[in-house]
Amino acid sequence: MTTLIDNTKPRKEAAEGIEQSQAVASSPSTPQSLYSKRVKLYPKLAHGFYRNIKWFALFTLLGIYYITPWIRWDRGLDQPSQAVLVDFENARFYFFFIEIWPQEVYYITGLLILAALGLFLATSLFGRVWCGYACPQTIWTDLFIQVEKFFEGDRNARMKLDKAPWSLKKVYKKSAKHITWVIIAALTGGAWILYFHDAPTIARNFLSGHAPMTSYVFAALLTFTTYWLAGHMREQVCTYMCPWPRIQAALIDEDALNVTYRYDRGEPRGAHKKGTSWEGRGDCIDCRQCVVVCPVGIDIRNGLQLECIGCALCIDACDEVMVKVDRPKGLIAYDTDANVQRRMQGKKSRYNLIRPRTVTYAVLVVAVGGIMLYSLLNRVTLDMNILRDRQPNYVSLSDGGVRNGYTLKILNKSSAPRRLALSADTLPSPVITVAGQRYDGEIILTAPADDTLDFKIYLSESEILTLDQKTDFEFTLVDKDTGETTTAHAIFISGGPK
Ligand code: SF4
Ligand code: SF4
């Protein structure tokens, strides 16, 4: 585990470009409030390799989110043609060629476990890459900041605009920004409901006012939360609301690659005059460009901090500065605490990706992924459940035999109807009758495609003297066309209390 510095205190200094440590002065006689008023941040746009990766992540992930519900997938007649669909009405989850029934909710559990283990592995290797590049809060906040920049300009222009008195120009800029935010938020909320209904149909019904009330409620809720969290709350969500920053401290160690200020190279820091020597000083010229681009308003030079989302924009900002002052790039870079310590002791850097914790997470990811893949590939598409009648427990017949009643539920998970032969195995002379139907010879039940069907079954047994009061046996169903077989354990009661 590595120690994180908790800087959850006012960051006015970040907003105004003043050193953090100088900003919060406390007097022993003044009682300190536990509440800190938020100071608005004005992150400057960074340029460079990591900003480009963030652009790529932003457009790819937003594209996936908005486009996925419109992808069609042919599953045959009377089946939904949407590739990804959470069908609450029929209790199904469709993901391309996979169809999950409520009885198979363990696949969803497995997927969540796999996602958690993947996140643990990525964090133990590369720090908060999820937060920096892929978390929805990061993605939408990034998008909203770009919209803000489009209408109000970059950091300095935005700060100036906020300080300026209200004018027509200011009203126009602020209104245009908020209207665009609301449109994006509404599209986000609107896209969410497409995952729960046939997208073209619900979109038509939604716009014409004929969609279910729940669709309007969820769309409104998602619109509001997107607008509020990405437009106004921003870094506060990551710092105060999300549990992940607290958990990640347990997942990373001094060998994890994090966005790191190379203290060994940067210090002692200070302003540098062009043409003067770099001897006896560090490469950091204290320009604070790494601070002004930071979307959470911290100074990476203070070490690994709880608020840092690992977006790496400070790397881009510092690299630009290093190029200008003709020093090597990488004063801020993906590096490890252990390497900083090694270099300060005159040793060489060593990257240690294969560690007990990374190996453990990798093995678990492979194991859980393998089990899930195997069970998906060998997924049974025929299943049955048996429920025995308890009132009465059994019925004595006039010929001396005994009859038990059962409810048989057949689950046909395939996309074709099935003809299924039903038998009761291991009982000496079972006679099965199905309520409401006559069968001569073999009992063939018809199960519709992708559906469940209940049958009322009566099982009579004449040779009860050979049986215990409670006899275990099995019902067997055999698909007459494919031969696929399923069995279900049952009990036959032939004596005792009714
Ligand atoms: S951008 Fe680089 S040089 Fe400038 S203050 Fe930050 S670490 Fe120092
Ligand atoms: S310190 Fe750097 S990596 Fe961390 S949030 Fe700020 S800009 Fe991103």
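Residues numbered from 1 in each chain as written. Chains lettered and ligands numbered in written order. Predicted model: local features only at pLDDT ≥ 70, side-chain atom pairs only at ≥ 80, totals over all residues. Heavy atoms only, no water.

### Here's the deal with the site of ligand 1
Quick reminder of the rule: A cutoff of 4 Å decides nearness: a residue is near a molecule or strand if any of its heavy atoms lies inside that distance of it. Counting from the N terminus, the helices are DSSP H or I runs at least four residues long and the strands are E runs at least two residues long. Three classes are used: nonpolar for Ala, Val, Leu, Ile, Met, Phe, Trp, Tyr, Cys and Pro, charged for Asp, Glu, Lys and Arg, and polar for all others, with Gly counted as polar.
If you check the shell around ligand 1, you find 13 residues, and the closest are Cys284, Cys287, Arg288, Cys290 and Cys318. Among the elements of the structure, helix H14 (289-292) and helix H15 (313-324) are those that each provide at least two residues to the shell around ligand 1. When grouped by side-chain class, the residues that make up the shell around ligand 1 number nine nonpolar, one polar and three charged.

### Things to note about the pattern of salt bridges
Selection criterion: A side-chain nitrogen of Lys or Arg and a carboxyl oxygen of Asp or Glu constitute a salt bridge if their distance falls within 4 Å. Each residue gets one of three labels from its accessible area relative to the maximum for its type: buried under 20%, exposed over 50%, partly exposed in between, using a 1.4 Å probe on protein chains only.
With the rule as written, the count across this model stands at 34 salt bridges. Ionic pairing is found between arginine 342 and aspartate 255, a salt bridge with its closest N-O pair at 3.8 Å. Of this pair, arginine 342 sits in helix H16 (residues 337-344) while aspartate 255 is found in the loop between helix H12 (244-251) and strand E4 (258-261), placing the two residues 87 residues apart along the sequence. For arginine 301, the salt bridge is made with aspartate 299, and the minimal N-O distance between the two is 2.9 Å. On the basis of relative accessible area, arginine 301 is assigned to the buried category, the value being 5%. For aspartate 299, a relative accessible area of 1% puts it in the buried group. Put simply, Lys40, Glu148, Glu152, Asp154, Arg158, Asp162, Lys174, Lys177 and Arg234 are held in one network by salt bridges that share partners.

### Concerning the packing of aromatic side chains
Which entries qualify depends on this criterion: Any two of the Phe, Tyr and Trp rings considered here, Trp counted by its six-membered ring, make a pair once their centres fall within 6.5 Å; the pair's planes then place it as stacked at under 30 degrees, edge-to-face at over 60, or tilted in between. Distance and angle both matter: a charge sits over a ring if NZ of Lys or CZ of Arg is within 6 Å of the ring centre and within 35 degrees of the ring normal.
With the rule as written, the count across this model stands at 24 aromatic pairs. Seen from their ring centres, tryptophan 73 and phenylalanine 96 are 5.3 Å apart, and the 90 degrees between their planes marks the pair as edge-to-face. Of this pair, tryptophan 73 sits in the loop between helix H3 (49-67) and strand E1 (84-87) while phenylalanine 96 sits in the loop between strand E2 (92-95) and strand E3 (98-100); the two residues are 23 residues apart in sequence, bridging distant segments of the chain. Accessibility expressed as a relative area gives 23% for phenylalanine 96, which makes it partly exposed. Pairing phenylalanine 206 with tyrosine 216 gives two aromatic rings, centres 4.5 Å apart and planes at 25 degrees, and the pair type is stacked. In this pair, phenylalanine 206 sits in helix H9 (residues 199-208) while tyrosine 216 sits in helix H10 (residues 213-233), placing the two residues 10 residues apart along the sequence. Under the relative-accessibility criterion, phenylalanine 206 is labelled partly exposed at 25%. Taken together through their ring pairs, the aromatic side chains of Tyr65, Tyr66, Phe88, Trp140, Trp192, Tyr195 and Phe196 make up a single cluster. It is arginine 92 that lies over the ring of tryptophan 101; its NZ or CZ is 3.7 Å from the centre. Above the plane of the ring of tyrosine 458 lies arginine 403, whose end atom (NZ or CZ) is 4.8 Å from the centre.

### A few points about the nonpolar core
Generally speaking, a soluble globular protein has its nonpolar side chains buried in company with each other. The test is simple: What we call a nonpolar core is a set of buried Ala, Val, Leu, Ile, Met, Phe, Trp, Tyr and Cys residues that are connected through their side-chain atoms within 4.5 Å.
In terms of nonpolar packing, the biggest core is built from 37 residues, with Val259, Ile300, Ala312, Ile315, Ile332 and Tyr334 touching the most fellow members. Breaking this core down by element, the ones donating at least two residues are helix H4 (105-126), helix H5 (129-134), H12, E4, H14, H15 and strand E5 (332-335). Considering every element that reaches this core, the biggest residue donor is H15, with seven residues. Core analysis: the next-biggest nonpolar cluster, separate from the first, contains 27 residues, Leu408, Leu420, Leu427 and Val434 among them.

### Quick notes on the site of ligand 2
Neighbouring residues of ligand 2: Val259, Cys294, Pro295, Val296, Ile298, Ile300, Cys308, Ile309, Gly310, Cys311, Ala312 and Cys314. Its residues placed into classes, the shell around ligand 2 shows 11 nonpolar, one polar and no charged.

### With respect to the environment of proline 80
This is how the line gets drawn: In what follows, a contact means two residues having at least one pair of non-hydrogen atoms within 4.5 Å.
Residue placement: proline 80 occurs in the loop between H3 and E1. Judged by its relative accessible area of 19%, proline 80 falls in the buried class. With 414 residues separating them along the chain, proline 80 and serine 494 place their C-alpha atoms 47 Å apart. Aside from chain neighbours lying at most four places away, what touches proline 80 is Trp73, Arg75, Leu85 and Tyr94.

### Overview of the domain arrangement of the chain
For clarity, the cut-off: Here the bounds of each domain stem from an automatic or database domain assignment. As a working definition, buried area equals the accessible area (1.4 Å probe) given up by two parts on being put together, with both sides summed. In the analysis that follows, any N or O atom pair within 3.5 Å is treated as a polar contact, provided that within protein one partner can donate a hydrogen and the other can accept it, and provided that, for residues neighboring in sequence, both atoms belong to side chains.
Here the chain is partitioned into domain 1 (38-248) and domain 2 (382-493). One C-alpha centre belongs to domain 1, the other to domain 2, and the line joining them spans 50 Å. Here domain 1 and domain 2 share an interface that buries about 580 Å² over both sides, 51% of which is from carbon and sulfur atoms. Three residues, Gln79, Trp101 and Gln103, lead the burial of domain 1 against domain 2; their summed loss comes to 68% of the area buried on that side. For the interface between domain 1 and domain 2, the tally reads two salt bridges. The shortest N-O distance in the salt bridge between glutamate 104 and lysine 413 comes to 3.2 Å. In this structure, the connection of domain 1 to domain 2 is made through three residue pairs in polar contact (both at pLDDT 80 or more). Classifying every residue of the side of domain 1 that touches domain 2 gives two nonpolar, two polar and four charged.

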